[in-house]
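What the coordinates show
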Amino acid sequence: MEMEMDIRALNELIQKESSFVDIINIEMGKVIVGQKHMVESLLIGLLSDGHILLEGVPGLAKTLAITSLAKIMDAKFSRIQFTPDLLPADLLGTMIYSQKKESFETRKGPIFANFILADEINRAPAKVQSALLEAMQERQVTLGDSTYKLPNPFLVLATQNPIEQEGTYPLPEAQVDRFMLKVVIDYPSKEEEKVILRAQIANTKPENQKVINPEDIIRAREIVRKVYVDEKIENYITDIVFASRYPSKYGLDKYKNLISFGGSPRASISMALAAKAYAFIKRRGYVIPEDVRAVCYDVMRHRIGLTYEAEAENIKSVDIISEILNTVEVP
């Protein structure tokens, strides 16, 4: 009974606190046509303090989405275009000798912002990628002898272009695992494309209004953490992740030779946090199996390793996730 009261109170709190989600959606809708899934994923990353890898061909409003979100939040934004000649210092900053003061001064790099857009992350060499990934993990940067904390909230959105392999450095699996979600963006529908076309021809570019502060997001994160996850839901999440590691135990023998490795414990943590954020967006104080299923693809797609056999048979990680969701018992 007490539990029911708690959940009811939590529900009421979330109804009140999550009202800004609608405001963000309205503001984003002014400049982004369609792409509901991408906007939702950005919100999930923001609310659960996780970084996002966006994959899609050029021109699908990946950059526009993140710049719009930064404007809506009145947050500091940095766009870093990754190139093969980029150095870690270009990202993190460096020590500069000041002749006037006769000492070294710290010059902070573009990483010191709330939102980082790492454009075409697979174009930069390993040294730069690892510098970014270390900053993502540690939330701090060391320059010279001093360590500097990165601002809060701190969200990295890395974009990856799937069509070019020439002159790119694919992210190693262990580093990709640091991204909470990998979101694959598709083309807009015919109707949406017409709306985009008309807006561009008419040259009517609506401006985003600042509607929330970074502090609002920090407060919302604390409430997202309170979203109730039942033990049955926890079991459901761990079953999904374990089925990606040991498919035979879940009656998925046909995938035994197709999966080289399954989701790490980070997958389970990310799925639980993303499901909580998704429930919050849907104005609920508790997680239901549909929330888990809604975030499962983005959490798992970059965490399942495929063998050469899978590639030869043209089986993608998404196919395996679908099969796992169809097989694992829903609570």
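About the cut-offs
Residues numbered from 1 in each chain as written. Predicted model: local features only at pLDDT ≥ 70, side-chain atom pairs only at ≥ 80, totals over all residues. Heavy atoms only, no water. Salt bridge = Lys/Arg side-chain N within 4 Å of Asp/Glu carboxyl O. Helix = DSSP H or I, 4+ residues; strand = E, 2+ residues; numbered from the N terminus. Buried < 20%, exposed > 50% of the residue type's maximum accessible area, 1.4 Å probe, protein only. Polar contact = N/O pair within 3.5 Å; in protein donor to acceptor, adjacent residues only side chain to side chain. Contact = heavy atoms within 4.5 Å. Patch = residues over 30% accessible without salt bridge, like charges linked within 9 Å, V, L, I, M, F, W, Y side chains within 5 Å. Areas by Shrake-Rupley, 256 points an atom, 1.4 Å probe, with all protein chains shown as cover. Phe/Tyr/Trp six-rings, centres within 6.5 Å; stacked < 30°, edge-to-face > 60°. Lys NZ or Arg CZ within 6 Å of the ring centre and 35° of its normal. Pairing = 2+ DSSP bridges. Axes fitted to C-alpha atoms, helices over the stretch in contact; angles between N-to-C directions. Parallel < 35°, antiparallel > 145°, perpendicular 65-115°, else oblique. Left-handed = near helix turned anticlockwise from the far one by under 90°. Nonpolar A, V, L, I, M, F, W, Y, C, P; charged D, E, K, R; others polar.

It is worth spelling out the pattern of salt bridges at this point. When the charged atoms of two side chains with opposite charge come close together, those side chains can pair. All told, the structure shown has 14 salt bridges when counted by the stated rule. Across the pair K282 and E40 runs a salt bridge, and its minimum N-O distance is 3.4 Å. Linking K282 in the loop between α11 (265–281) and α12 (289–300) with E40 in helix α3 (residues 36–47), this pair joins segments that are 242 residues apart in sequence. In this structure, R139 and D49 form a salt bridge, with 2.8 Å as the shortest nitrogen-oxygen distance. Note that R139 is positioned in the loop between α6 (126–138) and β6 (140–143) and D49 in the loop between α3 and β1 (52–55), a separation of 90 residues in sequence. Classification of D49 by relative accessible area gives partly exposed; the value is 30%. The network of salt bridges with shared partners includes D49, R139 and R221.

Turning next to the side chain of D119. Its place among the elements puts D119 in strand β5 (residues 115–119). At a separation of 2.6 Å, a polar atom in the side chain of D119 contacts the side chain of R79. Among all residues touching D119, those that are not within four sequence positions of it are T63, R79, I80, Q81, F82 and T159.

So, on to a nonpolar patch on the surface. Judged by side-chain polarity, M95, Y97 and F104 come together as a nonpolar surface patch covering roughly 320 Å² of accessible area. Structurally, F104 can be placed in strand β4 (residues 103–108). By relative accessible area, F104 is classed as exposed at 56%.

Attention now goes to the packing of aromatic side chains. Counted by the stated rule, this structure contains two aromatic pairs. The interplanar angle of 45° and the centroid separation of 5.8 Å between the aromatic rings of F242 and Y246 together place this pair among those described as tilted. The residue whose ring lies beneath R245 is F242, and the NZ or CZ to ring-centre distance is 4.7 Å. The cationic tip of K249 hangs over the ring face of Y246; the distance from NZ or CZ to the ring centre is 4.6 Å.

All right, on to the pairing of β4 then. Judged from the six bridges that link them, strand β3 (residues 93–98) and β4 form a sheet pairing that is antiparallel. Within β4, the position partnered with T94 by the bridge is R107.

Here helix α10 (residues 231–245) crosses α12 at 30°, and the two axes come no closer than 11 Å. Relative to α12, α10 is oriented roughly parallel. As for the relative orientation of α10 and α12, their crossing is right-handed in sense. Each of I233, Y236, I237, I240, V241 and S244 in α10 lies in contact with α12, whose residues at this interface are P289, V292, R293, C296 and M300. Per-class residue counts for the contact of α10 with α12 are nine nonpolar, one polar and one charged.

Quick look at unusual backbone geometry now. In the segment running from N152 into P153, the intervening peptide bond is cis, with an omega of 0°. Mapping P153 onto the fold places it in the loop between β7 (146–149) and β8 (155–160). One non-glycine residue, E120, adopts positive backbone phi at about 55°. For E120, the position within the fold is in the loop between β5 and α6. Even without glycine at this site, R139 takes up a positive phi of about 55°. A relative accessible area of 23% places R139 in the partly exposed class.

Read these as geometric descriptors, not functional statements.
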